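Observations on the model geometry
What follows is the residue order along each chain.
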Amino acid sequence: MVKIIASKLRDVELITDTGIRLGWVYDLSFDEETGDILVIVAEPDEDLDTSEFVTDHEGLLLIPVSAVKSIGEVIIIDSGKLAVKSKLRRVGAIKRRLSEEESQTPGE
């Protein structure tokens, strides 16, 4: 495993595997208990429509670390794993539907 110093990631460009420029690394968010990196907080590219992306209260992009394909001169993000609002709405709707179905199923 290659070790990378977090400070070296500051301002590294984020690009999807489909060629969309997302922005630049601003910060990292960690799980306090495990120390695992959860998301990359990114300053969005000025040409990026952020309305479908998950953002924080300041408008910074929240990129799940699980979507990172590679780190080098740029960070490549797997567009299929990128958290976008439309995907999250679909997942939320599916979870609600499943829980409704479970509550309607007669108990044994």
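Residues numbered from 1 in each chain as written. Predicted model: local features only at pLDDT ≥ 70, side-chain atom pairs only at ≥ 80, totals over all residues. Heavy atoms only, no water.

- Named according to an unreviewed UniProt entry, the protein is Photosystem reaction center subunit H originating from Thermococcus thioreducens.

1. Thoughts on the environment of Arg10
- Looking at the element boundaries, Arg10 is found in the segment before β1 (13-16).
- Here the alpha-carbon distance between Arg10 and Val25, two residues 15 residues apart in the chain, equals 5.2 Å.
- With residues near it in sequence (within four places) discarded, Arg10 still touches Val25 and Tyr26.
- Polar side-chain contacts of Arg10 include one of 2.6 Å to the backbone oxygen of Tyr26. (Helix = DSSP H or I, 4+ residues; strand = E, 2+ residues; numbered from the N terminus. Contact = heavy atoms within 4.5 Å. Polar contact = N/O pair within 3.5 Å; in protein donor to acceptor, adjacent residues only side chain to side chain.)

2. Describing the pattern of salt bridges
- This model, assessed by the stated rule, comprises three salt bridges.
- Its salt-bridge partner being Arg10, residue Asp11 comes within 3.9 Å of it at the nearest N-O pair.
- The exposure class assigned to Arg10 is partly exposed, which follows from its relative accessible area of 44%.
- Salt-bridge contacts for Lys69 lead to Asp17; the nearest nitrogen and oxygen are separated by 3.5 Å. Here Asp17 lies in the loop between β1 and β2 (21-30) and Lys69 lies in strand β5 (residues 68-71), a separation of 52 residues in the sequence.
- Note on Lys69: relative accessible area 51%, which makes it exposed. (Salt bridge = Lys/Arg side-chain N within 4 Å of Asp/Glu carboxyl O. Buried < 20%, exposed > 50% of the residue type's maximum accessible area, 1.4 Å probe, protein only.)

3. Some words on the pairing of β1
- Side-chain alternation along β1 places Glu13 and Ile15 on one buried face and Leu14 and Thr16 on a second face that is also buried.
- For β1 and β2, the ladder comprises three bridges, and the chain directions are antiparallel. Residue pairing across strands places Ile15 opposite Arg21, the latter belonging to β2.
- Taking the residues that link successive antiparallel strands as the turn, the β1-β2 hairpin has four residues, and the phi of Gly19 there is positive, at about 95°.
- By the bridge criterion, four bridges tie β1 to strand β6 (residues 74-77) in an arrangement that is parallel. Considered in β6, the bridge of Thr16 is made with Ile77. (Pairing = 2+ DSSP bridges.)

4. Some details on the sheet that holds β2
- Taken together, six strands build an open sheet; the order of strands is β4-β3-β2-β1-β6-β5 and the sheet is mixed. The two strands at the open ends of the sheet, each matched to only one other strand, are β4 (61-64) and β5. Between one strand and the next, the sheet's axes are offset by a mean angle of 40°, whatever the strand orientation.
- Here β2 runs beside strand β3 (residues 37-44); their pairing, made up of seven bridges, is antiparallel. Its bridge partner lying in β3, Ser29 is registered against Val39. (Axes fitted to C-alpha atoms, helices over the stretch in contact; angles between N-to-C directions.)

5. Some remarks on the nonpolar core
- Within the largest apolar cluster, 17 residues are counted, with the highest numbers of intra-cluster contacts made by Leu14, Leu22 and Ile77.
- Those elements giving two or more residues to this core turn out to be β2, β3, β4 and β6.
- Ranked by residue count, the leading element in this core is β2, at three residues.
- Leaving out residues up to four positions away in the same chain, Leu14 has contacts with Ile20, Arg21, Leu22, Gly23, Trp24, Val25, Ile40, Ala42, Ile75 and Ile77. (Core = buried A, V, L, I, M, F, W, Y, C linked by side-chain atoms within 4.5 Å.)

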